[in-house]
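Analysis of the macromolecular model
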Amino acid sequence: MTTRAGITALGAYAPSTVLENADLEKRMDTSDAWIRTRTGIRRRHVAAEDEFTSDLAFRAVEDLVDRFGPEALDGVDMVIVATNTPDALFPATAALVQHRFGLKAGAFDLLAACPGWLYALSVAKAYVESGQSKKVLAIGAEALTKLIDWEDRSTAVLFGDGGGAAVIEPVDAPYGLAPMVLGADGGGAQHLHAGAIGRCLPDGTKLDGKVRMNGREVFKFAVRVMDTATIEAIDAAGLTPDDIGLFVPHQANFRIIDAARERLGLHPDRVVVTVDEYGNNSTASIPLALTHALDEGRIADGDRLLMVAFGGGLSWAAGVVVWGGGRYGDGRRPTAARTSAAPLELGGTT
Ligand code: UT7
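Residues numbered from 1 in each chain as written. Predicted model: local features only at pLDDT ≥ 70, side-chain atom pairs only at ≥ 80, totals over all residues. Heavy atoms only, no water.

On to the domain arrangement of the chain. Domain annotation for the chain reports domain 1 (4-171) and domain 2 (176-322). With 58 residues of domain 1 in contact, the opposing surface of domain 2 contributes 49 residues. In total, about 3900 Å² of surface goes out of reach between domain 1 and domain 2, with carbon and sulfur atoms giving 64% of it. Counting across the interface, domain 1 meets domain 2 through 4 salt bridges. A salt bridge links Arg43 to Glu277; the nearest nitrogen and oxygen atoms lie 2.9 Å apart. Between domain 1 and domain 2 we count 23 residue pairs in polar contact (both at pLDDT 80 or more) in total. Elements supplying a minimum of two residues to the side of domain 1 that touches domain 2: strand S1 (3-13), helix H2 (32-39), strand S3 (43-45), helix H3 (53-68), helix H5 (116-130), strand S6 (136-142), helix H6 (153-156) and strand S7 (162-172). Looking at side-chain class alone, the side of domain 1 that touches domain 2 contains 27 nonpolar, 17 polar and 14 charged residues. (Domains from an automatic or database assignment. Contact = heavy atoms within 4.5 Å. Buried area = accessible area lost by both parts, 1.4 Å probe. Salt bridge = Lys/Arg side-chain N within 4 Å of Asp/Glu carboxyl O. Polar contact = N/O pair within 3.5 Å; in protein donor to acceptor, adjacent residues only side chain to side chain. Helix = DSSP H or I, 4+ residues; strand = E, 2+ residues; numbered from the N terminus. Nonpolar A, V, L, I, M, F, W, Y, C, P; charged D, E, K, R; others polar.)

Listed below in structure tokens is the structure:
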């Protein structure tokens with residue numbers, strides 16, 4: 001029997017502080033109606049002043065352990081934290097998580113903008129399938145609101161904080177991760193960037209440490225790349241769009257998600273939407289959305305899930321996973337029904 005790397009445990013965390021659109025109306029020249037109709041976002045969860053990415057990552061792993069049991073972490077020999085907002089440049093945030101769980105494991109951070117968690121999955125897959133690792137803990141965690149310029153309404157309303165974590169280890173076919181599609185185009189760096197260690201971008205764009213974005217350019221890029229990357233990932237899995245049970249895209253803007261869904265010819269029932277509740281929490285967005293889908297009973301053994309993300313850099317990634325093959329139970333924790341599964345009042349012209 002062929003062995004592939006699969007996702008066998010999952011968990012997520014969002015900070016308890018919630019910033020509603022109405023709260024932002026009081027701080028800047030914006031409106032709940034503008035934010036909802038242009039992005040689908042109703043609220044976002046924001047890390048406390050003394051809460052950092054390693055804390056969000058830690059909580060996400062705690063949630064994974066609560067759901068799947070401590071044995072899910074037994075034998076983890078590599079920890080990867082995909083993040084754009086590490087606690088420090090070094091040590092790696094992954095090493096802080098490794099230490100907090102007392103794992104005997106290597107640890108490193110991976111920076112690939114919003115698709116970072118999918119990049120981490122691809123690394124975990126390669127490590128597990130080559131025999132380099134037996135079990136990898138792949139985390140996406142982000143305290144992005146710490147890099148927001150609250151005077152810049154064009155970015156301030158979009159982002160939130162959170163974490164998601166998964167265990168990757170060998171599973172028997174047909175379960176597991178199909179080959180993943182990874183892409184980058186540093187030529188578009190000026191359209192979405194953050195942070196600074198002293199220089200400007202190659203085209204002369206000045207860096208000031210904050211998240212800066214050309215929303216229209218990123219929107220067009222996102223719609224284009226969601227289309228091409230998803231088709232490539234479905235091909236790489238030897239499938240067609242009809243075979244996809246659930247579409248779990250990066251949660252940046254409901255209009256981008258809906259355009260991608262439509263291009264794939266998928267019914268709205270087959271898409272996970274959490275951007276309304278969390279905004280865009282970058283590397284955390286897909287594992288958080290997966291965890292929601294699990295709780296809502298939308299993922300069953302053997303389902304083919306299509307994941308895709310895009311972001312700064314510019315960068316993108318996509319992949320299909322056949323869910324199941326784990327040995328720790330289904331991890332489901334039914335939650336109160338969400339009141340706003342899919343925002344409906346779309347508008348805007350981008
Ligand atoms: O992980 C990847 C992260 N990035 C993304 O996914 C971003 C992709 N882009 C987008 O989601 C959209 O481009 C935005 C939501 C950022 C903006 O929506 P848009 O429909 O492209 O709006 P726009 O930038 O063309 O701006 C339209 C108007 C402008 O006013 P004028 O020039 O028409 O008078 C903006 O100044 O909306 C104004 N505006 C706002 N108004 C109220 C921009 N931000 C706001 C705001 N509240 N927060």
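Next, the rest of the story.
Before going further, it helps to spend a moment on the sheet that holds S6. On the basis of which strands lie adjacent, the open sheet formed by 5 strands has the order S1-S7-S6-S4-S5 and mixed pairing. Edge positions in the open sheet fall to S1 and strand S5 (106-110), since each of these has one partner strand only. Taken over all neighbouring pairs, the strand axes of this sheet differ in orientation by 20° on average, direction set aside. Pairing of strand S4 (residues 78-82) with S5, which is carried by 5 bridges, proceeds in the parallel orientation. Bridged to Val79 within S5 is Ala107. Most of the contacts of H3 go to S1, to which it runs at about 110°, and overall it touches S1, S6 and S7. Contacts from helix H4 (residues 93-100) reach S4, S5 and S6, with the element oriented near 135° to S4. (Pairing = 2+ DSSP bridges. Axes fitted to C-alpha atoms, helices over the stretch in contact; angles between N-to-C directions.)

Next up on the list: the packing of aromatic side chains. Aromatic ring pairs are described here by two measures, namely the spacing of the ring centres and the angle between the planes. As enumerated under the stated definition, the model contains 4 aromatic pairs in all. Site record: aromatic cluster; members linked through ring pairs are Phe221, Phe310 and Trp316. Between the NZ or CZ atom of Arg27 and the centre of the ring of Trp150, over which it lies, the distance is 4.7 Å. Its end group placed over the ring of Phe52, Lys146 keeps NZ or CZ at 4.7 Å from the ring centre. (Phe/Tyr/Trp six-rings, centres within 6.5 Å; stacked < 30°, edge-to-face > 60°. Lys NZ or Arg CZ within 6 Å of the ring centre and 35° of its normal.)

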